[in-house]
Amino acid sequence: MLREQTLMSRAGNCIRAGMAIAAVVFLLALPSGPTHAQEGGAEVKGSLTYKDASGEKIAVEGVVFTANDESGSQAGTATSGTDGSWLIQLPPGTYSVELDVSTLPDGVVLKNPDKNPAEVRLVEGNSKSSLFPLVMGSAAPAASEDSGATASESSGDVVETTATVNESSTSGNIRVIQLLVDGLKLGLIIAMCAIGLSLIYGTTGLTNFAHGEAVTFGAVLGYLLNVTGVFGFRIPLIFATVVIVVVCGAFGGAFNKVVWARMRRRGSSLVAALVVSIGFSILFRYVILYFFGGRAKRFRDYQIQEQWDLGWFRLAPKDLALMVVSLVVLIGVASGLQFTRMGKAMRAVSDNRDLAESSGIDVERVIALVWIFGSALAGLGGVLFGVTEAISWEMGFRVLLLMFAGVTLGGLGTAYGALFGSIIVGVFIQLSTLVIPPDMKNVGALLMLVVILLVRPQGLLGRSERIG
Amino acid sequence: MTTDLSSVLDSVPREPGSAKPDPILKVSNVRRSFGGLVAVDVDHLEVQRGVITALIGPNGAGKTTFFNLLTNFDNPDTGSRTFEGRDLQGIPAHKVANLGMVRTFQLTKSLSRMTVIDNMRLGATRQIGESLSKALLPFTWKRQEAEVTARADELLERFKLSHMREEYAGTLSGGQRKLLEMARALMVQPTMVMLDEPMAGVNPALKQSLLDHVKGLRDQGMTVLFVEHDMDMVQEISDWVVVMAEGRIIAEGPPSSIANNQAVVDAYLGSHHDSALNLEGSE
Amino acid sequence: MDLVAILENTARGLFGEQFIYFALAAIGLNMHYGYTGLLNFGQAVFMAAGAYGLSMAVVTLGLNFWIGLVLGIVVFPLILALIMGVPTLRLRADYLAIVTIASSEMFRIIARSPSLDRWTGSSDGLTAFANDFYDMSPFQAGERYFFGLFIGNQMWVVLVGWILLAIVVTLVWAMMRSPWGRVLRAIREDEDAARSLGKNAYWFKMQALMLGGMFGALGGMLRAIGTQSSQPQNFITDVTFFAWVALILGGVAKIGGPVLGAAILYGVLSFTDIVLRQMVESGIIPNSIMDGTQVGQVRFMLIGIGLVSLAILRPQGVLGTKEEMALDDH
Ligand SMILES: Nc1ncnc2c1ncn2[C@@H]1O[C@H](COP(=O)(O)OP(=O)(O)O)[C@@H](O)[C@H]1O
Ligand SMILES: [Mg+2]
């Protein structure tokens, strides 16, 4: 993303841009592969491994590292190879090297998340190793009370990144079941986010590309309340979540009122509406990037948790809580749709807007509520995502594509379809890591989307369109 | 002429699914359901060549769905249909049109941001310039284009749309759009024309001219199947009437026999549709 | 503030390299959306197909530069169009939108994946594949040309780009006034109507997707040649929307729309970019409000604001007319 901009302003005349370009061009001119530090250059490198439950050293592949120079512009990136090694060649200077935690495989986290990004100073001909010890678990322990191993934090010129293991037990975890549980967790969160997307589509016909930003907004707001704090007071995540749900809902309602209700009144075409939603998606995303920054961050709460070993699989208490919360919310939403008057009205409008209108339902009011509920749920989904993974400015957009996959699978516009489809997508993503590299797991889900369209375009629960 | 043609049908039994002397279109056991709702369930239907057949029935009877199935815009769950002896199963909709069966839509589909004349030109089939490789070589298609344009102008004249030739189709009135859609369908040079509610929303003055056009199609030897609510219209121009209700064909016969048919009256009265009044009024 | 630099930068935006890349991509989108009604939100992947087609041919496979051109302009985009089009072109427009945007994400993941490093060079991409192109340059590498705006190699890229733009615009103009173009416009207006008149809408849409994709690939390939690198970061999802803004700004379904739109867009972006940068550097905007990285982010915000306000306030763009727009009844 950052390099994108450097290249796009290549014609720019200002000195800093010129220097950034020089750095990029320099990087590009270098031969690829692990070479020694060049004349006039330097490098930062490492080897990313961790020890699994049996104590075996495992290389972590596909993790992305970024080096930013002092001005904050990206000077280089690297991705760890099959042996876990990575290397960024840079001109001498001070850099902040960051490991992109969202590219870590599931179940592996940084031992010292607060030491990411790491500061490195490179002098000419220098080859520095950057330490990013990894541990198993769904969150990094602040202190490794129960872990025997420690990171060898030598400050030599070439040091291997070492890993520690936080679990000592080696029980009969079955990979498939572990993945199934992880997938269920992921699917439940996608579902929570996707309900709004699906209901908005059902009631208004709009494919809302800005829905992902509601997810990001929820997570970033959580960070603001929980980590940054308001008036110096950091709000525990549980209470913050209540605020987030309310704010996101209100935001969704206002968004509908200011933009979408107006567009509907003016009779704008659906394509125009879709383009507008994309415009807002980009705008929101980059406004968030502007203020939140490009680095992935984490909440303060629920970071330190030991996983329970439940025989066939492991689960951190927070993950269990998270699954329970999403299940309860989703069951609540489903029964609300099924039994309450408003829920019935929502389904009626989704089913046939004109018919609903003629039978006395206030369609605009229903749509307003759909926006409020949908955005509130997306915000909640964002917090839950932030708890399991990390908070980043792009998280919502990535989730949006998974939502599309889920919603399409279930049948566009049907609320239950969205639920059902999202859960399948979540499980599918995790299970697919049995056969494809984890860093490409989302490709599997997106490919599934394509296949569904080929085989059953109306989705599993959807129905075909009307002609004539 | 009319008497000649209807006399062909005189000997045909007045019951659903009766065989015709020279059927152009045959349908057997066609079923289509949407979820639990069976929209179309037709055991057997034959449409006589060269006559005007009206398809009537209360709203929601399944007429449009049936049209979609006949023209392959939709696929039946089961059943078969043949056009000119040719099985239509699995043939894409555009090929059906090229076989000579062309349809119009209940909600008019004029191509708004194209001129009237371009709407017309589009209707011509087998255009050389429609292949990408030839498109860039105007000399390969210029002559055909001139022929197509001449034919289009002729039809526009006949349908009294010549003065709108260069206007965007979107600027036409509802009735004019219906006329344009019908004229455009004729550019295909079809043997069978299927019209889904051609008179709906057309003002009475234009209605008469539309009616004359439909009759004109028959006089040129085309077969017409059309959906209509207004019994007066049906009485005036159709040679044969097929009645649908709740997806099934409940009656068939010449127009005079239909108005007195008890099943038809029940179907219309049973529905909450104002065409029931039309039916009574026409008796 | 350096006024000369501001003027030069704006001029380069108006008709320099970025303008050319995105004008080509927007012409492709015009073919897709403007004339056929296809919602392609993955034009960046077509651009990437052009870039990677050439660079993988030359660097990964060690093939000839000219074979690389064919791979990048024809083979890769055609395959991509099939992948995107076959599942979606029978369905409602939104499905293509979803699949194309998903393709962008798939491209990002695959192109950055270290497991395919051997083929794609992962995040670093592939470099130094366009030497044959620059060897043909009639310009001196060290010299400045065209009022001193472009250095030699840049001038060569820009000149070839202008010529290609002229050719592509003429091609599209000729195609759109043929019966073939008429069928595309009919499909845009109402696909079912076109089918009822015997037109194989699916196949025509596929042709449009392929052709527009090839124009996008041409733009992407030029971009790769201009920077001598194919990198995933240059073809991320949001790049598609630069082309969309250019298209809507200039005027959808107008021959000159995408070209004019790309010129205005890059004129404005280059202008704001350099003005902001100079203001940040000279301290007029304090670093606490905006730093160098954030200037780049402003450009994306402008794209977002541009899409929203154009679609709401002036959907017909610069060249279109309100009356024609009002006829759009879907
Ligand atoms: N795509 C569809 N999905 C669900 N129901 C449909 C669809 N198309 C038609 N129907 C239903 O099938 C029945 C027949 O509709 P239609 O063929 O339009 O009737 P008619 O044209 O006779 O008024 C109606 O009950 C209608 O609601
Ligand atoms: Mg109907």
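Residues numbered from 1 in each chain as written. Chains lettered and ligands numbered in written order. Predicted model: local features only at pLDDT ≥ 70, side-chain atom pairs only at ≥ 80, totals over all residues. Heavy atoms only, no water.

A.B. asks: Could you give an account of helix 12 (residues 415–432) of chain A, naming the residues involved and the relevant values?
C.D. replies: Since there are 3.6 residues in each turn of an α-helix, residues three or four apart along the chain are aligned in direction. Residues and elements named next belong to chain A. In a regular helix each residue adds 1.5 Å, so 18 residues correspond to 26 Å; helix 12 covers 26 Å between its end C-alpha atoms and thus fits that length. Every buried residue of helix 12 is accounted for by Ala415, Gly417, Ala418, Leu419, Gly421, Ser422, Val425, Gly426, Val427, Ile429, Gln430 and Ser432. Elements in contact with the buried residues of helix 12: helix 3 (175–204), helix 7 (317–339), helix 11 (395–410) and helix 13 (441–455). (Helix = DSSP H or I, 4+ residues; strand = E, 2+ residues; numbered from the N terminus. Expected span 1.5 Å × (residues − 1). Buried < 20%, exposed > 50% of the residue type's maximum accessible area, 1.4 Å probe, protein only. Contact = heavy atoms within 4.5 Å.)

A.B. asks: How would you explain the coordination of the magnesium ion (ligand 2) if you had to name every residue and give the values?
C.D. replies: Residues and elements named next belong to chain B. Protein-derived coordination of the magnesium ion (ligand 2) comes from Thr64 (OG1) and Gln106 (OE1), at a distance range of 2.0 to 2.2 Å. Here Thr64, found in helix 2 (residues 63–70), pairs with Gln106, found in the loop between strand 6 (101–103) and helix 4 (116–123); they are 42 residues apart in sequence, far enough to count as distant. Among the residues examined, Gln106 registers a relative accessible area of 26% and is labelled partly exposed. (Donors = N, O, S within 2.8 Å, 3.2 Å for Na, K, Ca; no water.)

A.B. asks: Report on the sheet that holds strand 3 (residues 52–56) of chain B, specifying residues and quantitative values.
C.D. replies: Residues and elements named next belong to chain B. Ordered in space as 6-7-8-3-9-10, the six strands form an open sheet in which the pairing is mixed. Each having just a single partner strand, strand 6 and strand 10 (248–253) make up the two edges of the open sheet. Neighbour to neighbour, the strand axes of the sheet diverge by 20° on average, direction disregarded. Of the pairings in the sheet, the one linking strand 6 to strand 7 (residues 192–196) comprises three bridges and is parallel in character. Following the sheet pairing, Met101 is matched in strand 7 by Met192. (Pairing = 2+ DSSP bridges. Axes fitted to C-alpha atoms, helices over the stretch in contact; angles between N-to-C directions.)

A.B. asks: Kindly report on the pairing of strand 4 (residues 64–68) of chain A, identifying the contributing residues and their values.
C.D. replies: Residue and element names in this part refer to chain A. Counting buried residues in strand 4 gives five out of five residues, a clear majority hidden from the surface. Residues of strand 4 alternate between two faces, with Val64, Thr66 and Asn68 on one and Phe65 and Ala67 on the opposite face, all of them buried. As paired elements, strand 4 and strand 5 (residues 74–79) share five bridges and run antiparallel to each other. Counted as the bridge partner of Asn68 is Gln74 from strand 5. When strand 4 meets strand 7 (residues 93–99), the two strands line up antiparallel, connected through four bridges.

A.B. asks: Help me get a handle on the packing of aromatic side chains, residues and values and all.
C.D. replies: Aromatic ring pairs are reported here in terms of the distance separating the ring centres and the angle at which the planes meet. All names here are of chain A. Going through the model one piece at a time under the given rule, you end up with 38 aromatic pairs over all chains. Aromatic ring contacts, followed pair by pair, group Phe217, Phe251, Phe255, Trp260, Phe280, Phe284 and Trp371 into a single cluster. A cation over a ring is seen here: Arg285 above Phe397, with NZ or CZ 4.3 Å from the ring centre. (Phe/Tyr/Trp six-rings, centres within 6.5 Å; stacked < 30°, edge-to-face > 60°. Lys NZ or Arg CZ within 6 Å of the ring centre and 35° of its normal.)

A.B. asks: Provide a residue-level description of the nonpolar core, including the pertinent values.
C.D. replies: Within the largest apolar cluster, 266 residues are counted, with the highest numbers of intra-cluster contacts made by Trp260 and Phe280 of chain A together with Phe41 and Trp244 of chain C. Element by element, the count of residues in this core is highest for helix 6 (residues 270–292) of chain A, at 15 residues. When sequence neighbours within four positions are dropped, the list of residues in contact with Trp244 of chain C reads Val275 of chain A together with Leu29, Tyr33, Leu39, Asn40, Phe41 and Leu307 of chain C. In terms of nonpolar packing, the next biggest core, distinct from the first, is built from 30 residues, Val30, Phe83, Val227 and Ile249 of chain B among them. (Core = buried A, V, L, I, M, F, W, Y, C linked by side-chain atoms within 4.5 Å.)

A.B. asks: An account of the pairing of strand 4 (residues 78–83) of chain B is needed here, citing residue identities and associated values.
C.D. replies: All names here are of chain B. By the bridge criterion, five bridges tie strand 1 (residues 23–34) to strand 4 in an arrangement that is antiparallel. Bridged to Val27 within strand 4 is Arg81. Here two bridges tie strand 4 to strand 5 (residues 86–87), and the two strands are oriented antiparallel to one another. Residue pairing in the sheet places Thr82 in a bridge with Asp87 of strand 5. What sits between the antiparallel neighbours strand 4 and strand 5 is a turn of two residues, in which Glu84 has the positive phi angle 50°.

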